[in-house]
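# An overview of the molecular structure
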Amino acid sequence: LGGVVSHASAKAGGDAMDAAIQGYVRRHYALEIGAMSAERAKCAVGHAKRASEASITVKGRCLRRGIPRSADFTGEDAHRALQPIVREIAEAVQR
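Residues numbered from 1 in each chain as written. Predicted model: local features only at pLDDT ≥ 70, side-chain atom pairs only at ≥ 80, totals over all residues. Heavy atoms only, no water.

### A short note on the pairing of strand β3 (residues 68-74)
The following threshold applies: Pairing between strands is defined by DSSP: at least two bridges between the two strands are required. In this text, helices come from DSSP runs of H or I with a minimum length of four residues, and strands from runs of E with a minimum of two, each type numbered from the N-terminal end.
Relative to β3, strand β2 (residues 55-62) runs antiparallel, the two being bridged by seven bridges. Counted as the bridge partner of S55 is T74 from β3. What sits between β2 and β3 in their antiparallel hairpin is a turn of five residues, with G66 showing a positive phi close to 75°.

Listed below in C-alpha cells is the structure:
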C-alpha cells in the first residue's frame, strides 16, 4: 500500500466482548460467570450482524443466593451484549 493505512485504534476486542457478556449475564440472569465461560459463550453463539438461534449453558455463582447455578445464554443474548462493542469497532473503522 505504501502509506499509512490506519491512524487510530479502538480498545474494543476479545477481552471487551468477554467483559460485555459477563456484565450482561450478571444484569439479566443475576449470575456471575468467569472469563472462560464468557469466552466460550462468545465463540459458541456470538455474532456481530445477527442473533443466532443457538444457545449455550453457562455456569456460575447465583448473585442472590451465592450457590452454583446455570442459565441458557442464547444467540439473542450474545447479540444484545455485543452490540455496543461492535458499534464501537464499526465507528473506529469508519473514521
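Structure's up, so let's keep going.
### With respect to the side chain of S37
We apply this condition: Two residues form a contact once any of their heavy atoms are found within 4.5 Å.
For S37, the location among the structural elements is in helix α2 (residues 35-45). Beyond its immediate stretch of four places on either side in the chain, S37 contacts V58 and K59.

### Focus: the confidence of the model for the protein chain
Regions with low pLDDT should not have their predicted coordinates read in detail. Threshold: One number per residue, pLDDT, summarises how confident the predictor is, and it ranges from 0 to 100.
On average, residues of the protein chain carry a pLDDT of 88, and 87% of them reach 70 or more. Within the protein chain, strand β1 (residues 31-32) carries the highest mean pLDDT (98), whereas helix α3 (residues 75-94) carries the lowest (89).

### Some remarks on unusual backbone geometry
The condition that has to hold: Type-normalised accessible area, obtained with a 1.4 Å probe on protein chains alone, sets the label of each residue: buried when under 20%, exposed when over 50%, and partly exposed for intermediate values.
Even without being a glycine, A30 presents a positive backbone phi close to 50°. The residue A30 is located in the loop between α1 (14-29) and β1 in this model. Judged by relative accessible area, A30 falls into the buried class, the value being 9%.

### Remarks on the pattern of salt bridges
What counts is decided by this rule: For this document, the term salt bridge refers to a Lys or Arg side-chain nitrogen within 4 Å of an Asp or Glu carboxyl oxygen.
Applying the stated criterion across every chain, the model contains four salt bridges. Its salt-bridge partner being K42, residue E39 comes within 3.1 Å of it at the nearest N-O pair. Taken together, the residues span about one helical turn, with E39 and K42 both in helix α2 at a distance of three residues. Look at K42 and you get buried, because its relative accessible area is 14%. The shortest N-O distance in the salt bridge between R80 and E76 comes to 3.5 Å. Of this pair, R80 and E76 are both found in helix α3, four residues apart, which corresponds to roughly one turn of the helix. On the basis of relative accessible area, R80 is assigned to the partly exposed category, the value being 49%. E76 sits in the partly exposed class, given a relative accessible area of 34%. A cluster of three or more residues bridged by salt bridges with shared partners is formed by D18, E39 and K42.

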